[in-house]
Amino acid sequence: MDKEKEQKYYQLLERMTDQANQTADFNREKFVATLVEFCELFHLAKGVTEFYVNPRMEAEGKGEILIDYDNGRAEVVILKKRIVTPASAIIIGTLYAAKEETPFPEDELEKIDIALRLLLGFIARNRLQRSFYKLAFFDADGFPNLRSFMKYAEPLCEKGNLYGYTAVCFNLKHFSLINQDIGRTNADHILLNYFNLLKDTIGDRGTVCRMGGDNFVMIFKNEATSELLDILAGTPVSYTTDNDPDKRVMISARAGVCEFPENYTIHNPGQIMETVYPAVQMAKQTDVSPVFFNQDLYTRRDKTMHVRRRFQEGLDKNEFQAYYQPKVNIKTGEVAGAEALCRWYHKDTLIMPMDFIPVLEMNMDICRLDFRILDIVCRDIRRWLDEGRPVVRISVNLSRKNLVDADLLSHILETVDRYNVPHELIEIELTETTTDVSFRGLSRIVNGLQQNGISTSVDDFGNGYSSLNLIRSIPWNVLKIDRSLLPIGNDQEAELTNRMYKHVVAMARDIGIACITEGVETREQVEILRENHCHIAQGFYFDRALPVEVFEDRLVHNPYPDMLK
């Protein structure tokens, strides 16, 4: 290689290195221009680079292929390099020459090889940075995630408040049913098309991100509020990739909305979520949407944060207690069992369940509380047995959130067996579910408990969208009928409720499931149970949930036979 060509080579190599290291202000056009000069210097005909995330993508030909130089005369491969990074990404570089070109001298091939290695190293770093960015700020389906939302909102929070902006947290109504009706693939198209509709409506005025499943959060300038709330109220969305207008379903959302006032201080993006989340929870609970953040929700938010801060302390200091509400056989007046209900005494002050249970159900804390109550119940039963006291079966509620625990069955058995409690003295109460995944988990747990001699009951049957599959496909021991099926009054609705109650009890008896009716508050309701052959009642007519020492006294000095005379 002559000196002039060698000098030009080193100049290009130095320029290429400098340009490749300008990660913040990288100018692709200038970098490509340098590559073109390099190819022309060595009379190369074509340069191709390929990037694949992993070997499988390489085998399927699914990668990024760039041709930054091609003079149309490429016929012969003169050099090809393949690099596999520690993260298993694959980068390939191939250089071509025209057929009539004289063979390259060895020293020139070495210099071309150095430049190609430099190029592939830059591509590896650049593409992997992009891949890591995508993994960090986008979910598996390509939606910007909660971390992306935090990144967008961080600069907005630096000024201390978000006056002029609105935040919305929302989830799609009945999306699991849409999944069932039109299939997962079509539902995925709906999710993407709906997201794109919101994103296009926001434009450069804000951002929308997915928190998981059909739950989203967005923040935008107030001028976009009306348009976006109209979409959330209900809009037809296509379930095809080409947005076919003949293949659409109506999509609406439960939304919590906060239009930030001028004097409302925000220091970090987490506070945005803390502000708007109580509103969307209220929308879910009441099925009224949108719910706007106001002073009441501000107070609710503070209570929520207070409960979360105090919860671990409550566990550590044994502030949670099990109270027992008797289940009474209305034929004999005997105590047929009891349900364990949680009470929280913090510094001798009773915190009502309605003030902490919904908060704990927002995350997995409710599961920790469920198992604390199960532990207390097993400890009490063990003590009753050891002291020779009367013992009845005690039922313990488990939140549906426990179903995500793959080892739930073993955890229940481990707790019961730790106190050497006979399995027949424990009953696990679980509520109905509407999703396929939860249904399968429910079935697995119920079957596993029954195989181990632990009774199971479906709680609050009739309160919500109960499915006959729930009692047809899962072998429950007990059906707990919700108070909403107990007739009140003498009007037409009460008559219809009475008929429904009668048939639910008859159906359960016919398929061999024991019945208990909750919420029995009057002697008239006791008579309704008698008339329909439901012999176990639970409710205020007999007793509220009782402290353990009072319940123990009830087992010895039973007052219920006199209440049934």
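To be clear, the structure that these remarks concern was listed above.
We now turn to the structure provided with this report. Counting restarts for each chain, with residues numbered from 1 along the sequence as it is written. Residues qualify for local features only when their pLDDT is at least 70, as the model is predicted, and side-chain atom pairs are given and counted only at 80 or more; totals for whole chains, interfaces and linings, by contrast, use all residues. As a convention, hydrogens and water are excluded, and side-chain values are obtained from all of the structure's heavy atoms.

1. Observations concerning the packing of aromatic side chains
To be explicit about the condition: Note on aromatic contacts: the rings of Phe and Tyr and the six-membered ring of Trp form a pair at centre separations within 6.5 Å, being stacked when their planes are under 30 degrees apart, edge-to-face when over 60 apart, and tilted otherwise. By definition, any uninterrupted DSSP run of H or I lasting at least four residues is a helix, any uninterrupted run of E lasting at least two residues is a strand, and each is numbered from the N terminus. Buried, partly exposed and exposed residues are distinguished by accessible area as a fraction of the type maximum, computed with a 1.4 Å probe on protein chains only: under 20%, between the cut-offs, and over 50%, respectively. Placement of a charge over a ring requires the Lys NZ or Arg CZ to be within 6 Å of the ring centre, with the centre-to-atom vector within 35 degrees of the ring normal.
Summed over all chains, the structure comprises 19 aromatic pairs. For the ring pair Tyr9 and Phe38, a centre distance of 6.2 Å and an interplane angle of 45° mean the geometry is tilted. Residue Tyr9 is located in helix H1 (residues 3–20), and its partner Phe38 is located in helix H2 (residues 28–41); the two are separated by 29 residues in the primary sequence. You'll find Tyr9 and Phe38 in the same group, each marked buried. What links up through ring pairs into an aromatic cluster is the set Tyr9, Tyr10, Phe38 and Phe42. Across the ring face of Phe137, the terminal group of Lys151 is positioned such that the distance to the ring centre comes to 5.7 Å. Positioned above the aromatic ring of Phe540 is the side chain of Arg544, whose terminal nitrogen or guanidinium carbon lies 4.0 Å from the ring centre.

2. Considering the environment of Asp355
On the secondary structure map, Asp355 appears in helix H11 (residues 353–360). A C-alpha to C-alpha distance of 34 Å links Asp355 and Ile513, two positions 158 residues apart in sequence.

3. Structural notes on empty space enclosed by the protein
For the record, the criterion: Each cavity reported here is a set of points on a 1 Å grid over the protein atoms alone in which a 1.4 Å probe fits but cannot get out, each pocket an open set with protein on both sides within 12 Å along at least five of seven lines, and each lining residue one with an atom within 4 Å of a point. Grid points are joined across faces, edges and corners, and a volume is the space filled by probe spheres set on the points. Throughout this entry, Asp, Glu, Lys and Arg are counted as charged residues, while Ala, Val, Leu, Ile, Met, Phe, Trp, Tyr, Cys and Pro are counted as nonpolar. The remaining residues, Gly among them, count as polar.
One pass over the structure, following the stated rule, counts 1 cavity of 30 Å³ or more. What the largest cavity holds in volume is close to 170 Å³. Leu35, Cys39, Gly47, Leu95 and Leu119 are the residues nearest the centre of the largest cavity, which is lined by 15 residues in total. Elements that contribute at least two residues to the lining of the largest cavity include exactly H2, strand E1 (46–52), strand E2 (64–70), strand E4 (90–97) and helix H4 (106–137). Here the lining of the largest cavity is built from residues that sort into 11 nonpolar, 3 polar and 1 charged.

4. Things to note about the packing of helix H5 (residues 146–157) against helix H9 (residues 269–286)
Describing two packed helices takes the angle between their axes plus the distance from one axis to the other. Convention followed: Only the stretch in contact is used when fitting a helix axis, every axis being a line fitted to C-alpha atoms; angles between N-to-C directions are given from 0 to 180 degrees. We call two directions roughly parallel when the angle between them is under 35 degrees, roughly antiparallel when it is over 145, roughly perpendicular when it lies between 65 and 115, and oblique otherwise. In what follows, residue pairs with any heavy atoms lying within 4.5 Å of each other are defined as contacts.
The contact between H5 and H9 brings their axes to 8 Å, and the two run at 105°. Taken together, the axes of H5 and H9 lie roughly perpendicular to each other. Contact residues: Leu146, Phe149, Met150, Ala153, Glu154 and Cys157 in H5; Pro269, Gly270, Ile272 and Met273 in H9. Classifying every residue of the contact of H5 with H9 gives 8 nonpolar, 1 polar and 1 charged.

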